[in-house]
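These are the residues of each chain, in order.
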Number of protein chains: 2
Amino acid sequence: MAEVYAARRERLRERYTAVGSGAAVISRPANVRYLTGAAPRGAVLFLGPEQPGEDVLLCARQPTGRQDEGRPDEALRVTLLPAPDADAAVAAAGLAVRLGAETIAVEEHDLTVARHRALGSAAEGLRLTDLGRAVEQLRLVKDEEEISCLRIAAEIVDQALGELLESILVGRTERHLALELERRLVDHGADGAAFPTSVGTGPNAGVSGHRPTDRRVEEGDFLTVCLGAGYRGYLCEIGRTFVIGTAPEEWQIELYDLVFAAQRAGREALVPGVACRDVDRAVRQVLTSAGYAEGLPALMGHGVGLEIDEDPQFAPAAMGKLDACVPVTVEPGVHLPGRGGVRIDDTLVVRPEADGGPELLTITTKELLAL
Amino acid sequence: MAEVYAARRERLRERYTAVGSGAAVISRPANVRYLTGAAPRGAVLFLGPEQPGEDVLLCARQPTGRQDEGRPDEALRVTLLPAPDADAAVAAAGLAVRLGAETIAVEEHDLTVARHRALGSAAEGLRLTDLGRAVEQLRLVKDEEEISCLRIAAEIVDQALGELLESILVGRTERHLALELERRLVDHGADGAAFPTSVGTGPNAGVSGHRPTDRRVEEGDFLTVCLGAGYRGYLCEIGRTFVIGTAPEEWQIELYDLVFAAQRAGREALVPGVACRDVDRAVRQVLTSAGYAEGLPALMGHGVGLEIDEDPQFAPAAMGKLDACVPVTVEPGVHLPGRGGVRIDDTLVVRPEADGGPELLTITTKELLAL
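Parameters at a glance
Residues numbered from 1 in each chain as written. Chains lettered and ligands numbered in written order. Predicted model: local features only at pLDDT ≥ 70, side-chain atom pairs only at ≥ 80, totals over all residues. Heavy atoms only, no water. UniProt positions renumbered as here; feature names shortened; annotations may be inferred. Helix = DSSP H or I, 4+ residues; strand = E, 2+ residues; numbered from the N terminus. Buried < 20%, exposed > 50% of the residue type's maximum accessible area, 1.4 Å probe, protein only. Least-squares fit on C-alpha atoms with pLDDT ≥ 70 in both. Contact = heavy atoms within 4.5 Å. Pairing = 2+ DSSP bridges. Axes fitted to C-alpha atoms, helices over the stretch in contact; angles between N-to-C directions. Buried area = accessible area lost by both parts, 1.4 Å probe. Salt bridge = Lys/Arg side-chain N within 4 Å of Asp/Glu carboxyl O. Polar contact = N/O pair within 3.5 Å; in protein donor to acceptor, adjacent residues only side chain to side chain. Expected span 1.5 Å × (residues − 1). Parallel < 35°, antiparallel > 145°, perpendicular 65-115°, else oblique. Left-handed = near helix turned anticlockwise from the far one by under 90°. Nonpolar A, V, L, I, M, F, W, Y, C, P; charged D, E, K, R; others polar.

- Chain A has the name Peptidase M24 family protein in an unreviewed UniProt entry, where Streptomyces tsukubensis is given as its organism.

Right, dumping it as structure tokens:
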């Protein structure tokens, strides 16, 4: 793996040296992990002007190598900060000075103004430039190693959800179902939940990002579950909606079929080269043409990887096109105030037609189950 | 409660108007909640030049009023952003422009450089100044309403911990014990865990911030548990160390007594007017004089409130003095690599002698229990 991280650092080095920076300071945790294999809390990566370079991972404490934190690339130098509460970004600026760099590229979308100023004073006389989202751009297209971590994360959420469906649901609260799901994620080897598990019943079903309440599952409810898991730092999500007990009512079947059709349209739109906004439109159109223009989610899906909500975004104003090997979610939902609603959410990897089209990672059935 | 929030906003308004700012933009979630009663995700508080003022809470979506998110002060205007992914801080800048403010005070320790720039361009021609940690300073001393929330949070952690102690521990993994504790916190009405619950057994016991592993509790282990709960946004923590099964060994008793003595010294040092570094010294001295200078935690305790780790800090270089009605933790620990260790952590409120001295919120026993 060490070569993988070294190669990523080289690709990044080409970018900032090309624009005249002699060094870069990477502070955003997911970016640090992408370039080093680990992101101990508060760690910052310093990158010098050239290979092999004076690259250093600056940490407050010795990395633990825990699965959720990762293990730093053994080819990379790791330096502990003088004090546990010292700012690694400021220490990195000191390295740039000693190196005689004239310009440091920093992540202005991550550093606070106060931290940026502290870094600037430590780098007295050096110019600070904005690295922008250069590392995020490198992270967009995943290699097979990354995708296999996502595949395992997907197996974990499928297992946790599958086990829940075999248990009795009526009478249990949203909170307890959510906690049980999170326990199962850990049981199956997840680093942890990728985000707070959302369980919505009855009127709460289909609300995006609904935080579980003490409402109990009742006969005839819609039940929406959205959960995510991390495996070796890679985060994957799934969302499903079920009906409880009795046979679904007419309106429930209609609403479900509609959201299912919208979600399928999104999945089918996932071909290399498609504009992200066209994926959004493919999904949104199905819902709007059925009269659900109001209160639709801002995004119909998004990229996943070391963060649960990364580029690309499927939104009406989204820029850019989809590439192969980009993992994304497709997650439309409709909520009828007071009645409940439906969300269906999958994680897939964009693949060329020749390879069979989009690879579905979350394989739990999407037929409307009555539990 | 509305008056409480209005009064807090007035105290803050005096600060920034005194230094010539006509408006302020509060972006740090805990600060937004302190001043409004709620902190919906991404919400920003705009404060105008004067009472009643054009104060507005800018949100991406209608606040839910959930216990963990809070309910906005009904006297305060709430405005929804045009788009769910719009930046509320940028929208706030627009309000300042329409108001004809010349200067806006912003939280440079919270805003990223990129966000600060976006806010600046939206506030074309206005001067941006740094509000600094003015709201954090207001938050230091808690009112009785806040302290009663902390008291309930403390009852919750005491209950969750007490129930765990009644169950069989040998053979269970750190992960499962941690998950069970978090479930119990929720059962007892917590908003949720204040931080990832830490359970350490055997060689992992006493490691500060230890993330639970699959190691199982064994006879003769030290078992260290640190957990925190939030109630209406107010966060409280407790840490205890136990021995499992058989009677403790000599070295375990000695180490426990030492950490207990250090922690008691810290609790006894909590009097209004004491220098924060003196509280740190009171605790640290006991440990260092016993030969444990190496690898001690950077902090011997810290303030708690709307954040689990707020000012003041008990550290050797800490500035400032303690006031009455400041809730803090006292949490020394010693870890012997390969053997394990002890941590004892309480949340207390600083009170004058006349009122009986420091108020202990977390009342679970600190005698060395053999479970």
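Observations regarding the UniProt feature "domain: Peptidase M24" (unreviewed entry) in chain A
Okay, so step 1: According to UniProt, the positions carrying the feature "domain: Peptidase M24" (unreviewed entry) are residues 149-351 of chain A.
Okay, so step 2: In residues 149-351 of chain A, helix accounts for 32% and strand for 25%; the two terminal C-alpha atoms are 17 Å from one another.

Regarding the side chain of Thr 197 of chain A
Okay, so step 1: Along the chain, Thr 197 of chain A falls in the loop between β7 (192-193) and β8 (198-201).
Okay, so step 2: When its relative accessible area of 2% is taken as the criterion, Thr 197 of chain A is described as buried.

Brief notes about the relation of the copies chain A and chain B
Okay, so step 1: Note on the copies: chain A fits chain B at an RMSD of 0.0 Å, the axial shift is 0.1 Å, and the rotation between them is 180°. A rotation of that kind, with that shift, is consistent with a two-fold axis. Relative to the rotation axis, the C-alpha of Thr 112 of chain A is the closest in chain A, positioned 1.9 Å from it.
Okay, so step 2: Both copies contact each other with a shared surface, as 100% of the interface residues of chain A are interface residues in chain B too.

Thoughts on the sheet that holds strand β1 (residues 23-26) of chain B
Residues and elements named next belong to chain B.
Okay, so step 1: Across the sheet, six strands lie side by side as β4-β3-β2-β1-β5-β6; this open sheet has mixed pairing. If you trace the sheet from one side to the other, it starts and ends with β4 (77-80) and β6 (127-130), each paired once. Ignoring which end each strand starts from, the neighbouring axes of this sheet average 25° apart.
Okay, so step 2: Looking at chain direction, strand β2 (residues 44-47) and strand β3 (residues 56-59) are connected through three bridges and run antiparallel. Residue pairing in the sheet places Val 44 in a bridge with Leu 58 of β3.

What about the interface of chain A and chain B?
Okay, so step 1: Tallying the contact residues gives 24 residues for chain A and 24 residues for chain B.
Okay, so step 2: In this assembly, chain A packs against chain B so that about 2200 Å² is buried in total across both faces, 53% of it on carbon and sulfur atoms.
Okay, so step 3: Among the residues of chain A in contact with chain B, Val 113, Arg 175 and Arg 211 of chain A are the three that bury the most area, contributing 23% of the side total.
Okay, so step 4: Summed over the shared surface of chain A and chain B, the number is two salt bridges.
Okay, so step 5: The interface formed by chain A and chain B holds 12 residue pairs in polar contact (both at pLDDT 80 or more) in total.
Okay, so step 6: Those elements that provide at least two residues to the side of chain A that touches chain B are α4 (113-122) and α7 (174-187) of chain A.

Considering the environment of Leu 287 of chain B
Okay, so step 1: Relative to the helices and strands, Leu 287 of chain B resides in helix α9 (residues 276-288).
Okay, so step 2: Discounting residues that sit within four places of it in the chain, Leu 287 of chain B has contacts with Leu 258, Val 259, Ala 262, Tyr 292, Leu 296, Met 300, Pro 332, Gly 333 and Val 334 of chain B.

Examining the side chain of Arg 351 of chain A
Residues and elements named next belong to chain A.
Okay, so step 1: Position of Arg 351 relative to the elements: it lies in the loop between β16 (346-349) and β17 (359-360).
Okay, so step 2: The buried category is assigned to Arg 351, whose relative accessible area is 10%.
Okay, so step 3: One polar contact links Arg 351 to Glu 359, side chain to side chain, over a distance of 2.8 Å.

Looking at the sheet that holds strand β2 (residues 44-47) of chain A
All names here are of chain A.
Okay, so step 1: Taken in spatial order, the six strands line up as β4-β3-β2-β1-β5-β6 in an open sheet, and their pairing is mixed. In the strand order of this sheet, the two ends are held by β4 (77-80) and β6 (127-130), each with one partner. Between one strand and the next, the sheet's axes are offset by a mean angle of 25°, whatever the strand orientation.
Okay, so step 2: Note that strand β5 (residues 103-106) and β6 share four bridges and pair parallel. Bridge pairing in β6 links Thr 103 to Arg 127.
Okay, so step 3: Of the strands in this sheet, β1 (23-26), β2 and β5 are in contact with helix α1 (residues 2-18), which crosses β2 at around 65°.
Okay, so step 4: Each of β1, β2, β3 (56-59) and β5 is contacted by helix α3 (residues 88-99), which is oriented at about 10° to β2, the strand it contacts most.

A word on helix α8 (residues 250-268) of chain A
Because an α-helix completes one turn every 3.6 residues, residues spaced three or four positions apart along the sequence face the same direction.
Okay, so step 1: The terminal C-alpha atoms of α8 of chain A, which comprises 19 residues, lie 27 Å apart, in line with the 27 Å expected from a rise of 1.5 Å per residue.
Okay, so step 2: Those residues of α8 of chain A that fall on the buried side of the exposure criterion are Gln 252, Leu 255, Tyr 256, Leu 258, Val 259, Ala 262, Gln 263, Gly 266 and Arg 267 of chain A.

A look at the packing of α3 of chain A against α4 of chain A
Residue and element names in this part refer to chain A.
Okay, so step 1: Between α3 and α4, whose axes approach to 8 Å, the crossing angle comes to 25°. What the angle tells us is that α3 and α4 run roughly parallel. Once α3 is placed against α4, the crossing between them reads as right-handed. Side by side, α3 and α4 meet where Ala 89, Val 90, Ala 93 and Val 97 of the first sit next to Arg 115, Ala 118, Leu 119 and Ala 122 of the second.
Okay, so step 2: Grouping the constituent residues of the contact of α3 with α4 by class yields seven nonpolar, no polar and one charged.

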